[in-house]
Each structure stands twice: as C-alpha cells, then as structure tokens.
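Remarks on the overall topology
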6 protein chains.
Amino acid sequence: MMFLQAIFLFSLLISSSHASDLDFCVADPTLPVGPAGYSCKKVSSVTEKDFVYSLGTPGNTSNIIKAAVTPAFAPTFPGINGLGVSIARLDLAVDGVIPMHTHPGASEILVVIEGQLCAGFISSLDNIVYFKTLFKGDVMVFPQGLLHFQFNSGKVQAIAYVSFGSAYPGLQITDYAFFKNDLPTEIVAKTTFLDVAQIKKLKGVLGGKN
Amino acid sequence: MMFLQAIFLFSLLISSSHASDLDFCVADPTLPVGPAGYSCKKVSSVTEKDFVYSLGTPGNTSNIIKAAVTPAFAPTFPGINGLGVSIARLDLAVDGVIPMHTHPGASEILVVIEGQLCAGFISSLDNIVYFKTLFKGDVMVFPQGLLHFQFNSGKVQAIAYVSFGSAYPGLQITDYAFFKNDLPTEIVAKTTFLDVAQIKKLKGVLGGKN
Amino acid sequence: MMFLQAIFLFSLLISSSHASDLDFCVADPTLPVGPAGYSCKKVSSVTEKDFVYSLGTPGNTSNIIKAAVTPAFAPTFPGINGLGVSIARLDLAVDGVIPMHTHPGASEILVVIEGQLCAGFISSLDNIVYFKTLFKGDVMVFPQGLLHFQFNSGKVQAIAYVSFGSAYPGLQITDYAFFKNDLPTEIVAKTTFLDVAQIKKLKGVLGGKN
Amino acid sequence: MMFLQAIFLFSLLISSSHASDLDFCVADPTLPVGPAGYSCKKVSSVTEKDFVYSLGTPGNTSNIIKAAVTPAFAPTFPGINGLGVSIARLDLAVDGVIPMHTHPGASEILVVIEGQLCAGFISSLDNIVYFKTLFKGDVMVFPQGLLHFQFNSGKVQAIAYVSFGSAYPGLQITDYAFFKNDLPTEIVAKTTFLDVAQIKKLKGVLGGKN
Amino acid sequence: MMFLQAIFLFSLLISSSHASDLDFCVADPTLPVGPAGYSCKKVSSVTEKDFVYSLGTPGNTSNIIKAAVTPAFAPTFPGINGLGVSIARLDLAVDGVIPMHTHPGASEILVVIEGQLCAGFISSLDNIVYFKTLFKGDVMVFPQGLLHFQFNSGKVQAIAYVSFGSAYPGLQITDYAFFKNDLPTEIVAKTTFLDVAQIKKLKGVLGGKN
Amino acid sequence: MMFLQAIFLFSLLISSSHASDLDFCVADPTLPVGPAGYSCKKVSSVTEKDFVYSLGTPGNTSNIIKAAVTPAFAPTFPGINGLGVSIARLDLAVDGVIPMHTHPGASEILVVIEGQLCAGFISSLDNIVYFKTLFKGDVMVFPQGLLHFQFNSGKVQAIAYVSFGSAYPGLQITDYAFFKNDLPTEIVAKTTFLDVAQIKKLKGVLGGKN
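Notes on the structure in this doc start here. (Residues numbered from 1 in each chain as written. Chains lettered and ligands numbered in written order. Predicted model: local features only at pLDDT ≥ 70, side-chain atom pairs only at ≥ 80, totals over all residues. Heavy atoms only, no water.)

Take chain C, turn it by 180 degrees, move it 0.0 Å along the axis, and it overlays chain B with an RMSD of 0.0 Å. On this basis, the relationship between the two copies can be described by a two-fold rotation axis. No C-alpha of chain C approaches the rotation axis more nearly than that of Gly145(C), which lies at 2.8 Å. Of the interface residues in chain C, 100% have counterparts in chain B that sit at the interface too, so the contact is made through matching surfaces. (Least-squares fit on C-alpha atoms with pLDDT ≥ 70 in both. Contact = heavy atoms within 4.5 Å.)

Looking now at the interface of chain C and chain B. In this complex, chain C contributes 40 residues to the contact, which on the side of chain B involves 40 residues. Overall, the association of chain C and chain B removes approximately 3900 Å² of surface from exposure, summing both partners, and the carbon and sulfur fraction of that is 63%. Three residues stand out in chain C for area buried against chain B, namely Asn127(C), Gln172(C) and Phe193(C), and they jointly supply 16% of the buried area on that side. At the junction of chain C with chain B, the criterion picks out two salt bridges. (Buried area = accessible area lost by both parts, 1.4 Å probe. Salt bridge = Lys/Arg side-chain N within 4 Å of Asp/Glu carboxyl O.)

A few words on the sheet that holds strand β11 (residues 148-152) of chain D. Backbone hydrogen bonds hold the strands of a sheet together, and the pairing may be parallel or antiparallel. Residue and element names in this part refer to chain D. With respect to topology, five strands assemble into an open sheet ordered β9-β8-β11-β6-β13, the strand pairing being antiparallel. Both edges of this open sheet fall to β9 (129-134) and β13 (172-173), since each of them pairs with a single strand only. Of the strand pairs in this sheet, strand β6 (residues 97-102) and β11 are connected by three bridges, and their pairing is antiparallel. By the bridge assignment, His-101 is partnered in β11 with His-148. (Pairing = 2+ DSSP bridges. Helix = DSSP H or I, 4+ residues; strand = E, 2+ residues; numbered from the N terminus.)

Rotating chain D by 180 degrees about the axis while translating it 0.0 Å along that axis superimposes it on chain C, leaving an RMSD of 0.0 Å. With an isologous cut-off of 70% or more, the 100% of interface residues of chain D that recur at the interface of chain C puts this contact in the isologous class.

This part covers the packing of aromatic side chains. Applying the stated criterion across every chain, the model contains 66 aromatic pairs over all chains. With 5.3 Å between their ring centres and 25 degrees between their planes, Tyr53(E) and Phe77(E) make a pair best called stacked. Of the two residues, Tyr53(E) sits in strand β3 (residues 52-54) while Phe77(E) sits in the loop between β4 (67-72) and β5 (86-92), which places them 24 residues apart along the sequence. Judged by relative accessible area, Phe77(E) falls into the buried class, the value being 0%. In this structure an aromatic cluster arises from ring pairing among Phe24(A), Phe51(A), Phe121(B), Tyr130(B) and Phe142(B). (Phe/Tyr/Trp six-rings, centres within 6.5 Å; stacked < 30°, edge-to-face > 60°. Buried < 20%, exposed > 50% of the residue type's maximum accessible area, 1.4 Å probe, protein only.)

Interfaces are frequently sized by the accessible area removed from exposure as the parts join. Each partner contributes residues to the interface: chain D has 54 residues there, and chain C has 54 residues. Taking both partners together, chain D and chain C bury about 4200 Å²; carbon and sulfur atoms supply 73% of that area. Counting across the interface, chain D meets chain C through zero salt bridges. For the side of chain D that touches chain C, the secondary structure elements donating two or more residues are α1 (2-16), β3 (52-54), β5 (86-92), β7 (108-114), β9, β10 (138-142) and β12 (158-164) of chain D. Here the side of chain D that touches chain C is composed, by residue class, of 31 nonpolar, 14 polar and nine charged. Sheet topology note: the strand β10 (residues 138-142) of chain C/β3(D) ladder contains three bridges and is antiparallel. For Met140(C), the partnering residue across the bridge sits in β3(D) and is Val52(D). (Nonpolar A, V, L, I, M, F, W, Y, C, P; charged D, E, K, R; others polar.)

Okay, here's the thing in structure tokens:
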C-alpha cells in the first residue's frame, strides 16, 4: 500500500532527528545533577512507573506535632524532574500542625480532602497575615518564599494535598533552621531577638547543639 | 522604650521602598492583561479571599462523557495570577472520560481522591503511550504539551485533583479543536486523515459547522 | 611597547576566570542530558561547523502526504543546544499536507519561500480557527502548544522554513499519537469519540496495533 | 440528542473559567507595555491577520551598505507579542554587508534563501571568530548577545531569513552606537582606543555630533 | 554624499519597527503593575537619572539593632524594573545585626566595604549552617529563599552592599512576620513552638497585637 | 520525651525525600557543564568556603588602560553556580578606563566605592547615550546586552563593584572582539567601516593577526 510506505518514510525522516528529544527528563540519580535538575534516564529504560507515585498511605501522625508531610519530590519521584510540578500529602490529626515554613523555590496550592484546616501566609510587605479556615474542597495558594502554616482547626483528622510550581520547591521549617543544628545559641539570640532560655529549650527538643 | 523606637525607625526605612513590592500579584481583570498575566490589584484591597477558592462542589457528570472538569484558573481565582500554579477538580461518574487533550502552557500532576482512573500520555518520540490504572492516593505526572487522557476504570464515582506548574496552563481538547468550530470539513479531513463521514458525525454532535 | 604589555596583563586577568564561560554550549551527545539540554562539548573542540547545518536538500515528498519535514534540532545540530532557537524545512508537493500537530515546547514562526500554503492554528479558547492562505514572503506565527496545520493550496511545489523559540520544540503529530502505537483501540475510541472502524483503518495505515 | 446536550454542559463549565486565558497575547500598542511585552488586545477583536505579516517585498539595497534588514518584530507584527519568536529578512546586493551588531535579547538562527553569505560571530572567550561561507539552504546560529556579521560573498543578490528566540531580540549596530549619536568624540576615543580622526570621519558619515 | 543617504535609509527601515523596543523598561508607577513588574515609562521621557540612584548616605544605625538596610529597589529606583538586578546598602554599627530574613524572589551576593561581618545562611537540607567571618573585600552568596543573617563581628562600623538577581527580591524578616502584626498569639505559639510569654514579649517590642 | 521523638519521626519522613534537593548547586568543574551551568558538587563535600570569595586585593592597574576587572564568576567562585548572581571588582587608576563592552547574559548594577567614574550605556533604539558622572555611593544600572563603558573622571584612584543578574554574565570587549584575533582585516573593515590603517594599528597593539 502506497500510503503506508509514504508515511513510513516521513516518519523515519522526523524521528531520526528526534533521537533524544526532551518530552520529559526522568531523573537518573546516578548521573550528575545540575542547576536545572537531574540528568535524564535514557528514554529506552523509561516506563510508566517513572511517572506514577503513591501518596495513598497516611503519614504517621503519632508525634508531637500530630502531623506528617509526605512529599513526592525528585529524585524519589523521578518522572517529575524538570517538569515544573510536584506534590505532597499532608496528614494532620486533631490538633496537628504543619509549623511555619517556606518553600524557597515555588508557590504552593493546597486542597483540603478531609476535615478542616486553618491556613495562612504572611506577606513581606507590612507583615499582613492572610489566613482562613478551609473546608473540604477549599483551595488556597501560598506565594513563593513567604512564611506560611497550616493546622487542623477541626475535630477530626484532616488530609490535604499541596502542589508546587517546581519539581524542587524546597522546604525550610523555621524551627528546624533555628534550633535543629549547631548554630551557636548566641548567634540565634542575636539574629532572632529570642531569649536564650527559649532557644536552649527548643534546641533541646529538636536536637540542636551549642 | 528604646528598643521599640529603634525597630520602628528601621521598619520605616525598609517599608518606604517596598511600597509596591511583588510578594504576589492578585489579578485585577479590569486592568490590562500582558504576556505574564493580569495586572495586579492594589495590595490595600487584597484580602484572604483572593487566595482561596472552593472546588468542594462536585461537577455535574450527568452528561454524555459522564465527567466534569472544574478549574481554579485565573482570573476566576485571582490570587494565583503570576504565581506559577493552578488546580482543577475532575469528577468522573462510572464510565466517565476526560477526552484526549493537552495543556499548552504547563505540566500536570494528578492525585486520585476517590475511585480509580486509567490515565496516560503519549510521547512525541516514537508515540509511546505511558498509561496506568491509578487508585486512591496515586499520583501521576503529564509532561507539558503532550496529549493525555483519563477515564474512570472502576465501578464507582472517581474524583481527582490536577495541578499545573502555571497559573495559565490552557486546555485544548482535541475533539473540540477538530469538530466544534467552523473549520471546513475538507480541511479537517486533509489534515487529520479522518473520513469525511466521521468528521461530519462528530461535528454534528459537538456543534461544528461547514 | 607598554600598551601591548598592559592589555596583555588585563587580558590574562579576565580570561583566567572565564575558563568555561557559557557564550554557548555545543551539545556533546556522549555526555548526560538534563532538563535544560545536552552537556557542553569542550570549547577547545568546538568549530564553526558546530554552528552550521544544511537544509539545502529538499525533503522527499514522494509519499502519501506529499510532504516532508526536515528539522535542524539538537543533537543533530549541536550548536543550537541551550540557545533557545531551532529551525526546520517544510517541502510540500502539490496537494501536500503537514498534518495537525503541536510543538509542546515552543511557538513557531513560518515563512513561505516558494509556492503557497494554507496554514492555521486552533485556539483553546472557544476553538477559534485562525487560518489564512500564505504566499511567498508571508510570515505566520503559531502559539506554543496549540494544534496547527499547513497544506499546499497552490499548483506548484511549496517550500517554507519554520523556526522555534526553543532548541527542543518537540513535535507531536495527532494522527501518530492516536494511531501509530499500541494504545488499545477501545481506549482510543473512548477518549477521542472516533468510531472503532475509523480507528482500525488509520491504525492499519500508520502501523498501530491493538 | 442526549450526547449533544451533555457535551454542551461540559463545554459551558470549562469555557466560563477560560474567559481570558493566555493562548496568545496579541499586542495592543495603545495599552501599557511591561517588562514581558505589550498588553493584550481583547480576544474578540483578534483576527488571523494579527498572526500574519509579509516579508515578501525585498528591502531597498540601493545604499552604501548595499543591504537591508526588514524585521517582523512587535509591535509592528502584533501576534508575536509574548510568544518568544520573531523573524527578519535580509537582502544583500553584491558586496552588501550587515555590519557588526548584537541582539541583546535573543539568539539568532539564519537560513540562506538565495545567493551566498559569509557570516560569523565572535566569542567572548578568547575572541575566537567562528565564520563560514553559507550557501542556499545553509543554516547558522549566533549565540545571544555576541557580536556577529553577514556579508554577501557571492556574485549575485543574496536573501536570508533570520529568526530569534524572543519577540523582542533588540538590535545594536556597533557603528551606530559609536558614531550615530552625541557621545563626545573624546569619550568614544577613550573607550574604544580609536583615533579621533577615525571617529570624526565616521561620525560625519553617520550623522553623529560632538 | 551617497554613503550618508544610504545609511539613513537603512536606519529608517530598522527604527520604524523598533518604535517601542524593550532595551529597558523604566517603571512608571502611575501605570498598572503586572507579575513581571511595572509598566514602562515612554522612552522619550526616560533620562540618565532613571538609571542612577544614590546609596551614598549612611543608614541611621542609632537604633536597637544598630543597623540599617537602604534598598535601591523598584519603583524607587525605576530604571531597574524588569532588568533582573537590584542592590541595597547595609550599615552596621558595632554590635549591629541584620536579623534572620529571607528574600523570596532572588539570591543575594554581599561584598564587605568596611569593617567585618559574620554572615551565614541555613540550608533546608539537614539545616546546615554555612557561616563565616567576612572582611573588607570578601564576597558571600546566599541562595534564593533561604534564611540568612549578618552581624557586625568587629570593633568598628561595618558597611556592605548586597545585590540581588531580581529587581523585586522581596525581604521577609522572620521576627516581623511573627511578631509585628495581628496574627493571634495562640496561632504563633502553635506554629512556631515558641512560648506564649516569649511571643508576647516580642509582640510588645515590635508592635504586634492579639 | 514524647515531643523529641515525634519531631524526629517527622524529620525523617521529610529528609528522606530531600536527599538531593536543590537549595544550591555548588559547581564541580570536573563534571559536565550544561546550558544551565555546572553540575553540582555533592552536598556532603560543600563547605562555607564554597560560598565565599575574596575581592579584597586591588587589581593591577599598572597598564595602559590603567584599570583592572577582577571577576567572581563560576567556576572560580563555585557557590554562585545556578544562583543567578555574580560580582566583579573594578579598579581604575587616574585616567583609567573600562573600554566599551557588553555582557550578553545579564544586566549589571554598579556601585562606586571610592573616587568618581563617568559611566554610560547606549540604547539600541535611536542610539541614545545615557551617561553620568558617579560619586561614592552612587549606583547605576546597565541593561542586558547593551554597549557600556566606565572611566575614571576624577583625580584619585576609583573602585567600584559591579553585580550581575546571572552567574554567567559573559563579557565581550568590543576592541578585543575586533582586533585581538585572526579575523581578516578586510572583513573587519567591511563590517565595521573602520579604515584599514586604524584596524592594523589596533591589531598591532592587541595582538591580532591577518
């Protein structure tokens, strides 16, 4: 059949120059990482599993914050490398809280799946706090790099998904940054205005030293 | 108190130059739109409501595709303007389908909330189809601009959320593009290789002309 | 001469820190690929040939679409890696057609060199079709990710060049995506509303299975 | 027919939230310009003509450089606004030359349509000159911001198209920058090492003052 | 003279299409702001003053932090709008401190001009603190969005300049975000693990309520 | 203590998925370079020294331009890789000059530390020269890719720092590009309109051939 043959020729012509195109770039963590993300696995070894990840298991909230963050970020979820999106699951038991934090690399969009949350962010301009109680199906957006928080404001377990406009949003929890390392207490005090006793107490809890 | 006064001076110094900074840019649809999105509402008239949207109401699936897409895109959801994220809710009744489509402006990440879906995308290289049945809590990523689909492969209603790495992902449903406008049937036939009868049938269903 | 010596010193000072600057990044296909493109060949082995490519040979249009696309994309044309541009040549015999397709990664600009073309694209908003007959010297732009087509609307051979605002624009031909792979016919039918007979016919022509 | 009605509902649902999406952003030069380009014309007043431009008329080469550049840039070609591509036509009579210049905002890709050109660019690292004689159908790429040139090296008229990975590539001709304004001759001399007589001569030719 | 006339024609040809090109986009604060920055002032009313700003006056450090930040950000410094850079001056008296803060929109590069500083940032991965004492002429870089600080570790006044890879880097001082607004003390306590007494003390100092 | 244990669990959960996040990407010059920059050193071998660089030593201005540029660019300063900023020090003795040049990859912001400078840039539109005498503490911005210059206009040594909105700004000195390589004199003459004698003179000084 002439049609078949012709298309076949046409196809060969195009695909030869497409040998390594960039429809996607599934992360190969054994190769170098660069500023734009991980190097790409060969397309011939990519499967549908690279693009799928399970967040179906609730995070363990039997802890003092009564909450858990379960992220699907690269390289654990290799298919998102370079695609400009990622996602995480939040589980918050009653009284659970996701403490003040920032994502240096992306804005976040949250949707409540179960229960209710109080969520908010703080602008850098005039330190305005935009916060609101969110119910099932409510969506809230948190601008890139700004301090924000979520806590369970209801009487039952809460679940939410948070998505990011980057495959590498980052996550900096302020308490961890201040109290869960060896930054000397005097420097923490000097740069945060917090009392030394307060700092030492939280360093004790979080495992920070000095 | 000297401390208070001092910080106050410091504060004045900084905030004066921050009068219009860009923590966020809530869309004001009455002002001009540009390539990067909508113009920004004045910060003084921004409230927490601008950053919150409800996707809590199921879309109406009493239709032939037995499915509904309910997006939270700008300008309906003004707070996401310029922030590089957006979200939509998918409701699929039993046998429901989100037909083949692309998002020209962003990659998509999907999470299943209820039921099960079969979802997939087609690479432009060698036309490989990456598809998989997804269950509650499963996440799948769809690279920017590539054809993809979702359909309910289970026996109960399915719900999913899809997030995008852009506030303006766009949505082009292939069937609508081909059959729901006045592109002459002969041009559709010439450029898609579909039979004229097939085109006329689908134009009839979808309201296309010529 | 003092001037010479002085400039020489100045030069040394600057170039030492420039040992691997990024004027360009000629693709080395033997090194890893990342989300931003191929790794760079050492500058010492780059020649002017890396930046030059020939599209002077007409594509073979002795096929059923009576057309050919000859791209100058990375890595075949290594000098464009990372530079945000690429180009392809279109040859369309009388009645030739470049079928409906998208470029997921870039907008396209076309210029007619010989003959005449009918070209158009379909917006995702209201499915408006913007199409026009183009003559020698006419330029048309096709926005990123949107479905578009070109066909020879004249009585002689047509030639055009299409340029892209990316070195990796991608190319997804809708017919290939639907009919030139092993995506099961029932899934194609469900997600495109096309009749099974139509699908099987085109799968037959294009070599698709299942 | 139930199918029609159902799709119709589905359509309404989607398009309502798409009222101002950003498939494209055709420039409206009467509205403000921003760092990302011109404000967008309302979609309802966009036509296919906004996306089409003619470069079919040869530029006038009856001048001393025996060459002409005819650009299709925004806002003259409003459809390319924000789309990341643009194009220009080069006409070079025998002995014609496009003088040394840069494009501050984009890389360039050139294709020869008629005749032959000698074209080259100069790297900032070690000042290497990559230049080559190009014939009909040859393509050459010029990295962003680097000095480059083209001249007719053949015995007949030459035509080329140059495309850019930006709708606003800019164009800075070195001679114009140095000699076609009121920058005092002594400053030109001090910052270029050129002789005053040379500067005054070229200022005279190009209309510069002081 | 033929040369003059010819160039003149060539010039007209080019500049006509350049009527509003985007060499720069000096902010006009009376026009709308968008996600990419301020709208541009007309080029005809731009002067060299738009591109120059004085940071020559020391900031007032007679305050409790004994430090001052004097920024040159848009719109106060209109010429930087859209250009991807900005700068600020730091003055730190003996014992002065720039408290813990982030820049949501850009990385920072600091150079010490006088005196000595201790400066550091905290990674989000494992909360590692990278800090060092810096002397005159030392440069340090702080990655986008990460918590960082500077304090005078010497015995004389210190001066530094900090530059940013954005015209809109933003500045969020953690203490201000936590204590200088009306975010209820119980929410601050819940989301920071700080003691209520500590919060009330700092709210008192910084003017926060509730 | 229950709190400690709980946070610990929470921490493990998060950090496991963060094994290679992208807070920063310190250049490892032994690994491949790509269009977005150098590959990243392993975080475990990164130290604070990677983020610090000294520009404290004056450049040697005992040369004919009586000036020196001392850059802190990647890979010499590995911590800035991928962070979108870089910096250089300018030393200008009395009568010193930084000749006409461009940065193809970034805008520049300059601050005067000592002495006075005359600095300016030339727009591509109408070749307007924006120049001004700058004193200690004055800041000036130079848009990406445009020709600009600085020279000492005072009676004492001048020092300035110039920062860039890219880790790879590039630097192309026009005189070096024209006269410090083997580009044949006849091509330089043809593409710059300079006299052959002038070209040969400057080639002689700068070491160019042909």
